[in-house]
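Here is what each chain is made of, one letter per residue.
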Amino acid sequence: MALKVCKFGGTSMADGNVMNAVKKIILSDPSRKYVVVSAPGKRFSGDIKVTDLLYSCFDEIKRTGNCQSSFAKVRTRFESIVKELNLSMDMTAVLDETERRLVEEKSEDFTASRGEYLSARVMAVLLGATFVDSEDVVFFNEQGRLSSDKTYKAIAKAVEGQEMVVFPGFYGKDTRGKVKTFSRGGSDITGAIVARAVNASVYENWTDVSGFLACDPRIVDNPKRIRTLSYKELFELSYMGANVLHSDSIYPVRKANIPIVIKNTFRPEDEGTSIIPISQYKPEGNVVTGIAGKKNFTVILIEKTHMNSEIGFVRKVLSVLERENIPIEHIPSGIDTMSVVFDSSYAKDYKLERVIEGIKNDVEPDVIRVMENVALIATVGHGMSSSIGTSARLFKAMAQANINAKLIDQGSSELNIIVGVKNEDCEKCISAIYHEFFA
Ligand code: ASP
């Protein structure tokens, strides 16, 4: 029998009304057995997500030792949800206990995780389903990574014999027995983990958009919806800023070939976007699948004559960044030049100076230059490998929009072309590339 895991994002949990719509969606399909929820999100623009309210609670705890005033807002959100839903549960007792534990634990991750915890408690009552706490079934190892086998086994065991289960997204437990969260947006990862653990036939990710769009709708009006994407394309686009789905959520499902379907809670009849293994992928005839961009990268450009024949040159440069704990995004290179690209938040001011000094000392370059405020734009699509002239079209579009490419990197898989431009050209560049390939 088909078995679906459904994850509902913050906007689908925002108030009692939407939660009722969620219930209708779940009950309309008997294969929707396992549900993962986020913390309540924004109800209107300018509203504050519960997770953000909780981070403020933690700040208050650090400052004053309690979180009475910030937690009051969280309390009001959940009390009004329970009232709107007309649920017979003692939410005040659950909230009191939560507030007590926040003060006792004094942990940022624990505090942040309570939005999902409370959401799931309410959803379980609404659905008449079993609540399984993710801290009992999602485990992190010493390195802070998911302890996959242990987690999959624990989830499979927890759902045994249960008709319907609700899990809170976003967190698990570390090796010290403390609650630990994934990075922001991490409930998507929990959904994928549950899908893998129960060997679901599909992982439905319910959000507030009708699927993945070819680019950010804030940049281009009404961009084309992507009907199917491969896991790889999804990863590239999510990683580069398309924020429909957390990029790490593909790892658990990819190995088991479980498709992800992005659906819209507010328009459940819309087809959405399916993310599938490359083996099942049928190209829709377009060269480019999507375009995404991210700002604020730093590029260090290094030139040295005969660099290519100097054994260990690249390793020595990379060791400097390793010493400073800086993850590297790209390393475009020429015969006598190489660049290293990394997220600027990892090396600012004195740390950046230390990196430059380190490179100067260790490899004695002829020239070393730093570019900051660089945006990276990824043009992604399996269709690019089989069509001639894609890069030419891309660069022509950029030239016509008067945008200078600061760097270019084409992955060897021919799945993407990355260009680096000035931060302020980011939107213009995405729009120019979109119009070239989709107009
Ligand atoms: N509530 C968390 C966040 O705002 C996790 C999630 O929604 O996926 O990042």
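Use the structure listed above.
Parameters at a glance
- Residues numbered from 1 in each chain as written.
- Predicted model: local features only at pLDDT ≥ 70, side-chain atom pairs only at ≥ 80, totals over all residues.
- Heavy atoms only, no water.
- Phe/Tyr/Trp six-rings, centres within 6.5 Å; stacked < 30°, edge-to-face > 60°.
- Helix = DSSP H or I, 4+ residues; strand = E, 2+ residues; numbered from the N terminus.
- Buried < 20%, exposed > 50% of the residue type's maximum accessible area, 1.4 Å probe, protein only.
- Lys NZ or Arg CZ within 6 Å of the ring centre and 35° of its normal.
- Pairing = 2+ DSSP bridges.
- Axes fitted to C-alpha atoms, helices over the stretch in contact; angles between N-to-C directions.
- Contact = heavy atoms within 4.5 Å.
- Arc of directions from axis to C-beta.
- Parallel < 35°, antiparallel > 145°, perpendicular 65-115°, else oblique.
- Left-handed = near helix turned anticlockwise from the far one by under 90°.
- Nonpolar A, V, L, I, M, F, W, Y, C, P; charged D, E, K, R; others polar.
- Patch = residues over 30% accessible without salt bridge, like charges linked within 9 Å, V, L, I, M, F, W, Y side chains within 5 Å.
- Areas by Shrake-Rupley, 256 points an atom, 1.4 Å probe, with all protein chains shown as cover.
- Salt bridge = Lys/Arg side-chain N within 4 Å of Asp/Glu carboxyl O.
- Lys, Arg positive; Asp, Glu negative; His and termini not counted.
- Charge placed at Lys NZ, Arg CZ, Asp CG, Glu CD.
- Near = heavy atom within 4 Å.
- Polar contact = N/O pair within 3.5 Å; in protein donor to acceptor, adjacent residues only side chain to side chain.

## Re the packing of aromatic side chains
Inspection of every chain in the model, using the stated rule, returns six aromatic pairs. Aromatic side chains phenylalanine 8 and tryptophan 206 sit 5.8 Å apart centroid to centroid with 15° between the ring planes, which places their arrangement in the stacked category. Of the two residues, phenylalanine 8 is situated in strand S1 (residues 4-8) and tryptophan 206 in strand S7 (residues 202-207); the sequence distance between them amounts to 198 residues. Judged by relative accessible area, which is 1%, tryptophan 206 ranks as buried. In this structure, arginine 114 packs its charged tip against the face of tyrosine 117, placed 4.4 Å from the ring centre. A cation over a ring is seen here: arginine 121 above phenylalanine 131, with NZ or CZ 5.8 Å from the ring centre.

## Here's the deal with the sheet that holds strand S17 (residues 416-422)
Here we have five strands laid out as an open sheet, ordered S14-S13-S15-S17-S16, and antiparallel in their pairing. The open sheet terminates on both sides in strands that have one partner only, identified here as strand S14 (337-343) and strand S16 (407-410). Here the strands of the sheet are splayed against their neighbours by 35° on average, with no regard to which way each runs. Sheet topology places S16 next to S17; four bridges connect them, and they run antiparallel. Paired with isoleucine 408 across the two strands is valine 419, which belongs to S17. In the packing of helix H13 (residues 426-438) onto the sheet, the strands contacted are strand S13 (290-303), strand S15 (367-380) and S17, and the crossing angle to S13 comes to about 120°.

## Things to note about helix H12 (residues 390-400)
The α-helix advances 3.6 residues per turn, and as a result positions three or four apart in sequence lie on the same side. All of the buried residues in H12 are Thr390, Leu394, Ala397 and Met398. What you see down the axis of H12 is that its buried residues fit within an arc of 100°, all on one side. The exposed set on the far side of H12, more than 90 degrees from its buried face, consists of Ala392, Ala399 and Gln400. Following H12 by one or two positions, asparagine 402 has its phi on the positive side, about 65°.

## Things to note about helix H10 (residues 313-323)
Among the residues of H10, those classed as buried are Phe313, Val317, Val320 and Leu321. Considered in projection along H10, the buried side chains sweep an arc of 95° and stay on one side of the axis. Away from its buried face, by an angle of more than 90 degrees, H10 presents the exposed residues Arg315, Glu322 and Arg323. Those residues of H10 hidden inside the fold are in contact with S13, S14 and helix H11 (349-363). Two residues or fewer past H10, asparagine 325 is found with a positive phi of approximately 65°.

## Looking at the packing of helix H2 (residues 50-64) against helix H5 (residues 108-127)
For any two helices packed against each other, one specifies the crossing angle of their axes together with the interaxial distance. Put simply, H2 and H5 touch, their axes get as near as 8 Å, and they point 150° apart. In this view, H2 runs roughly antiparallel relative to H5, as classed from their interaxial angle. At the point where H2 passes H5, the crossing takes the right-handed sense. Packed against H2, whose contacting residues are Val50, Thr51, Leu54, Tyr55, Cys57 and Phe58, the element H5 presents Glu108, Thr111, Ala112, Arg114, Gly115 and Glu116 at the interface. Per-class residue counts for the contact of H2 with H5 are six nonpolar, three polar and three charged.

## Description of a positive patch on the surface
A cluster of basic residues, Arg369, Lys406, Lys422 and Lys428, forms a positive patch at the surface. Structurally, lysine 406 can be placed in the loop between H12 and S16. The exposure class assigned to lysine 406 is partly exposed, which follows from its relative accessible area of 35%.

## Description of the site of the ligand
For the ligand, the full set of nearby residues is Ser38, Lys49, Thr51, Glu116, Phe170, Arg184, Gly185, Gly186 and Ser187. Take threonine 51: an N or O atom from its side chain is 2.7 Å from a nitrogen atom of the ligand. Between the ligand and glycine 185 there is a distance of 2.8 Å, counted from an oxygen atom to a backbone nitrogen or oxygen. Protein contacts shield 94% of the accessible area of the ligand, which totals 260 Å² for the unbound molecule. Across the shell around the ligand, the residue classes break down as one nonpolar, five polar and three charged.

## A few points about the sheet that holds strand S3 (residues 130-131)
Pairing within the open sheet is mixed, and its eight strands lie in the order S3-S4-S2-S1-S7-S11-S12-S10. Of all the strands in the sheet, the pair left with one neighbour each is S3 and strand S10 (228-230). With four bridges joining them, strand S2 (residues 32-37) and strand S4 (residues 165-168) adopt parallel strand pairing. Paired with valine 35 across the strands is valine 166, a residue of S4. Against the sheet, H5 makes contact with S2, S3 and S4, and its axis sits at roughly 165° relative to S4, the strand it touches most.

## Description of the pairing of S17
With six of seven residues buried, S17 is to be regarded as a mostly interior element. Pairing of S15 with S17, which is carried by seven bridges, proceeds in the antiparallel orientation. In the strand pairing of S17, alanine 378 is matched with isoleucine 418. Two successive antiparallel strands, S16 and S17, enclose a turn made up of five residues, where glutamate 414 displays a positive phi of approximately 55°.

## Quick look at the pattern of salt bridges
Opposite charge on two side chains lets them pair, provided their charged atoms get close. Applying the stated criterion to the full structure yields 26 salt bridges. With a shortest N-O distance of 2.7 Å, arginine 43 and aspartate 47 are connected by a salt bridge. The partner of aspartate 174 in a salt bridge is arginine 176, and the shortest N-O contact between them spans 2.9 Å. The network of salt bridges with shared partners includes Lys4, Asp29, Arg32 and Glu204.

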